[in-house]
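Analysis of the macromolecular model
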Amino acid sequence: MMQQPLAIAESATPLGGVMSSFICGDDSTFPQEWGSVDFSPMGFSVKNEQNVVQPVAFAPVMGMKDSHVKAGQVIERKFVVGILPAGWNEVIEYISDQVYKVKDYRKQKEVSLTEAMFNILDLMRNEEYGGWDARLKGFYDIEGDPETAPTVVHAAPLAIIAASVFSEDEEFYLSRSLPTIEYTLSRSGYRWATDLVPSGYNKTLETLRLNPFNSQFNTSYYEGLHRLLGGLNPWLVSIALPGDTLRKTKGYSTQVLSWVQAISAYNLTGDEKWKRFATSTADRYIDLQIYKNSSQPVGLMSFYNTNVYAPWWDLIDLYELTKEEKYLKAAQYGASNTIAGIRSFPTVTEDLQTIHPGNRFDGNTNLWWKGKEKYRLGFPRVANDAQEKQVPEWLVSPVGLGFEQPSTYFLRTKGKQVRPVFMSNWAPHLLRLYQYTRKPIYETYARNGVIGRFTNYPGYYATGYTDITLSPDFPYKGPDVSSIYYHHIPPHLAFTWDYLVSEAIERSNGNINFPFCKQEGFVWFTNRIYGNEKGKIFGDSKAKLWIKKGLIQIDNPTVNYLTAVSDKYFWVILSGESKQEESLTIRLDKVAELVGQGDIVQYTEKGKTAKVNRVGNAVKVSVPGKGFRALAFPLAETRKENRYPVLKNGIKVVDMGEPFGKVFLFRIRSPFGWDSVYGFAETAPAKEKEMSVSVVCNGQSCTVSSYPFEWSFYKLGMDEKAIVKVTVSSKGQIDKTEEIILNSK
């Protein structure tokens, strides 16, 4: 059964309007079953028996278990048939609301979304369970056959970089963010291995050549990198816009849209030509791809949210930039395609249901790869590792989850259940549509995809009624019933972070706003990435997001929270996920010494203020049902902002001749008051040439004797001249030596 069980046909009327007829089941049609390839209570078609376009539903489906009936037995089925003076996109909304009665039903009982994000960050810090390979500077691709070499992937590099910035975590910057920056300055694509991988991305030596000007990382990425590093590395502009042009890149199973890149170019340069390019090109895109769709059928391997319909979410950015309603209208039309791929059945009640009958739950079982080893967490399975129990229907319902592609949703193997996915990267986009339109369907579908879905990274596939993936220690203990894709952990962080900030912005009635950059180019894993650029919280225009585990403690998991700081205030922003008012205590932990003894002021979304009493390091407040509150704690003393000098010239390129080719050197100014030097030779692997590179930089040295020929030197003083001596050798003979100076300005 498809995610939205219905058939719709839209027709033009003689007077230039549209009418849409539809047929579907009702909210009692579908049993409390997850769904499998073996059974569907109803079938659908958009053509009738005469091959004429007409919405069709039929039941039973011949060959299914309920189609076997005895002579004289009566078959009864219920169908809902209708016609509306509206387009198909509006009919989808009508059926969801009025027929299948999809509600905002999710609850957040055990762990707040904020704490879930902290758990994901802790997982990313853990090399063993987070799947990070420090030597390869990336997360393992579990599907990559390592016969020649393991493959790593960066599906959301800006999220990894942002994590060290918004948390002001220097250790995370050194261990994850900086290696990620180095990866994206050198590798040719999101996927990479140290050797040719015939079944993977690196099928040719050309994909193994290292060069920042010839990769999949697009203009939007480098614009985001520049901003997340505090604007301290303007030399990145030459890579983001080589020759003042947009980078020519290809995404992974998604379009790289020139008008989206032009928005980033405009943000980077302020040049109005990029804004004009963005609007004119987006206008054509809307006409040709949003309001029209391909007349050619797509294959079973097509990703639903990138290949079946045109991405619409970036149109919200254009709406915010121009305030032109046509972009918001087109985004709403496009969002109907997203909703059409989100599960709407079976009806969720307040009843209990049994999961893991007979103390068994299989889920996904295929052994994938971790480095060079066949691996799956918690395998081989042990008896009774999935205890039979009763849980509320809402806890484990698939209603609200999207899917990847037809081939992975319907496995077409007897007994296998359908597989929605937990990667709801589209949810914050729907939340933004709700912010601007106030149409409840957008909030409902956004919340149903995120709230109460995970307390840590839950893996990828939802494979049946289970609560195994809901445990905070699931990615450490398993059993892995959902497929833990290590390279999906950063994009899962990305949409979690995006959702938290976007929810606060939406709930604040425009009184909160923060700048963002855009992670995109890898399937539908597109999200706004918030760093620590100055935003606005009510009248405080110097507020920066500053959030990390342990700054504060909140004792009510039904409430999500953000923290921020300015020169005068420490802010706590609260978003309630319960339908009723919730009380909570905010305890100041690591931040206690920064907060002074002045009045604490609480704000409502309408800007009304009230003083709040503090008892020791604790404050008690209440948040309305699905409501908002913000608290401003005065600082004990004015917080001084770190101001570091800009590094204008951070890139040098030297031709070292064959077989090494060009050597690229970068000086990268960090947000933590020091610089690093990173360099590499562009050559692909050439083992027969016995190559090596020796590098000396300000007293530090290293020798690299195998591909990739790269090196890093960390924590140089910002006023320290970097003198880099590079010597390249092949077959035991020195080929060339060059001394390169990377100045501090």
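Going by the structure above, here's the rest.
Residues numbered from 1 in each chain as written. Predicted model: local features only at pLDDT ≥ 70, side-chain atom pairs only at ≥ 80, totals over all residues. Heavy atoms only, no water.

Pairing is antiparallel across the open sheet formed by 4 strands, whose spatial order is 19-22-26-25. Either end of the sheet is taken by a strand with one partner, and the two such strands are strand 19 (552-554) and strand 25 (614-615). Direction of pairing for strand 25 relative to strand 26 (residues 618-623): antiparallel, over a ladder of 2 bridges. Within strand 26, the position partnered with valine 615 by the bridge is alanine 618. (Pairing = 2+ DSSP bridges. Helix = DSSP H or I, 4+ residues; strand = E, 2+ residues; numbered from the N terminus.)

Let us look at the pairing of strand 2 (residues 18-24). For strand 1 (residues 6-12) and strand 2, the ladder comprises 7 bridges, and the chain directions are antiparallel. The partner of alanine 9 across the bridge, within strand 2, is serine 21. Bridge count for strand 2 against strand 5 (residues 80-84) is 5 bridges, and the pairing is antiparallel. By the bridge assignment for strand 5, serine 21 is matched with isoleucine 83.

Glancing now at the sheet that holds strand 18 (residues 540-545). Strand pairing in a sheet relies on backbone hydrogen bonds, with the paired strands running either antiparallel or parallel. Taken together, 8 strands build an open sheet; the order of strands is 14-17-18-20-21-27-23-24 and the sheet is antiparallel. In the strand order of this sheet, the two ends are held by strand 14 (512-513) and strand 24 (609-612), each with one partner. Bridge count for strand 17 (residues 535-537) against strand 18 is 2 bridges, and the pairing is antiparallel. Considered in strand 18, the bridge of isoleucine 537 is made with aspartate 540.

What follows deals with the nonpolar core. Core analysis: the biggest nonpolar cluster contains 229 residues, and Leu185, Trp312, Leu430, Trp524, Leu574 and Ile668 have the highest contact counts within it. A total of 10 residues in this core trace back to one element, the largest contributor, which is helix 18 (residues 489-507). With near-sequence residues (within four places) excluded, isoleucine 668 lies in contact with Tyr173, Leu178, Ile181, Leu185, Leu229, Asn233, Trp235, Leu647, Trp674, Asp675, Ser676 and Tyr678. (Core = buried A, V, L, I, M, F, W, Y, C linked by side-chain atoms within 4.5 Å. Buried < 20%, exposed > 50% of the residue type's maximum accessible area, 1.4 Å probe, protein only. Contact = heavy atoms within 4.5 Å.)

Summarising the element assignment, aspartate 351 is placed in the loop between helix 12 (325-340) and strand 10 (352-355). With 53 residues separating them in the primary sequence, aspartate 351 and glutamate 404 have C-alpha atoms 29 Å apart. Ignoring sequence-local partners within four residues, the contact set of aspartate 351 consists of Val391, Pro392 and Glu393.

Moving on, we come to the packing of aromatic side chains. Each pair of aromatic rings is reported with the distance of its centres and the angle of its planes. The final tally for this structure, using the stated rule, is 48 aromatic pairs. Geometrically, the ring pair formed by tyrosine 409 and phenylalanine 410 is edge-to-face, given 4.7 Å between the ring centres and 85° between the ring planes. According to the relative accessible area criterion, tyrosine 409 is buried, its value standing at 2%. By relative accessible area, which is 27% here, phenylalanine 410 ends up partly exposed. (Phe/Tyr/Trp six-rings, centres within 6.5 Å; stacked < 30°, edge-to-face > 60°.)

Of all 7 residues in strand 30 (residues 675-681), 7 are buried, a share of seventy percent or more. Side-chain alternation along strand 30 places Asp675, Val677, Gly679 and Ala681 on one buried face and Ser676, Tyr678 and Phe680 on a second face that is also buried. Pairing of strand 29 (residues 662-669) with strand 30, which is carried by 7 bridges, proceeds in the antiparallel orientation. Of the residues in strand 30, the one forming a bridge with phenylalanine 666 is tyrosine 678. In this sheet, strand 33 (residues 710-716) lies alongside strand 30 in antiparallel orientation, the contact comprising 5 bridges. Within strand 33, the residue paired with phenylalanine 680 across the bridge is glutamate 710.

Trp88, Asn89, Val91, Ile92, Ile95, Ser96 and Val99 are the residues of helix 1 (residues 88-99) that are buried. End-on, the buried residues of helix 1 take up no more than an arc of 160°, which puts them together on one face. Contact partners of the buried residues in helix 1: strand 1, strand 2, strand 5, helix 12 and helix 16 (440-450). Of the residues one or two after helix 1, lysine 101 is the one with positive phi, at around 55°. (Arc of directions from axis to C-beta.)

Moving on, we get to unusual backbone geometry. Residue proline 60 is reached from alanine 59 by a cis peptide bond, and omega for that bond is -5°. The residue proline 60 is located in the loop between strand 4 (53-58) and strand 5 in this model. Of the consecutive residues phenylalanine 379 and proline 380, the connecting peptide bond is found in the cis state with omega at 0°. Tracing the backbone shows proline 380 in the loop between strand 12 (373-375) and strand 13 (389-392). With phi around 55°, lysine 101 is a residue other than glycine that occupies positive phi space.

Another point: the side chain of serine 164. By the secondary structure assignment, serine 164 is in helix 4 (residues 157-166). Of the residues examined, serine 164 reaches a relative accessible area of 0% and is grouped as buried. At 2.9 Å, the side chain of serine 164 and the backbone oxygen of isoleucine 161 are in polar contact. Apart from the residues within four sequence positions on either side, serine 164 is in contact with Asp169, Phe172, Tyr173, Ser177 and Phe672. (Polar contact = N/O pair within 3.5 Å; in protein donor to acceptor, adjacent residues only side chain to side chain.)

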